[in-house]
Amino acid sequence: MNYNKINYFEKADSPQHREFIISQNNCILCGTVLELKHIADREVSEVKEEAFCPHCEVKTRNRTHVLN
């Protein structure tokens, strides 16, 4: 995979940064790029985030972010 085409705001040159980016964007089981789904609920000021692998059908992340 070529990760040099992705632009990041942070400096991501170290191996540790690269490993973290890969772990957040790719399935830990098969390496497929994760699909992200965001659902905003303005009534309770939240955004629900889900990340899942379309190949393995594994949900890897399920978070709720509070909006200020």
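Residues numbered from 1 in each chain as written. Predicted model: local features only at pLDDT ≥ 70, side-chain atom pairs only at ≥ 80, totals over all residues. Heavy atoms only, no water.

### A closer look at the overall build of the protein chain
Secondary structure assignment for the protein chain yields one helix and three strands. Along the protein chain, helices (α) and strands (β) appear in the sequence α-β-β-β when read from the amino end. Split into buried and exposed, the 68 residues of the protein chain put 18% on the buried side. A total accessible area of about 5700 Å² is found for the protein chain, and carbon and sulfur atoms account for 51% of it. (Helix = DSSP H or I, 4+ residues; strand = E, 2+ residues; numbered from the N terminus. Buried < 20%, exposed > 50% of the residue type's maximum accessible area, 1.4 Å probe, protein only. Areas by Shrake-Rupley, 256 points an atom, 1.4 Å probe, with all protein chains shown as cover.)

### Concerning the sheet that holds strand β1 (residues 35-41)
Pairing is antiparallel across the open sheet formed by three strands, whose spatial order is β1-β2-β3. The sheet is open, and its two edges are formed by β1 and β3 (59-66), each paired on a single side. Taking each pair of neighbouring strands and ignoring which way they run, the sheet shows an average axis angle of 15°. Here strand β2 (residues 46-52) runs beside β3; their pairing, made up of seven bridges, is antiparallel. Residue pairing in the sheet places Val 47 in a bridge with His 65 of β3. (Pairing = 2+ DSSP bridges. Axes fitted to C-alpha atoms, helices over the stretch in contact; angles between N-to-C directions.)

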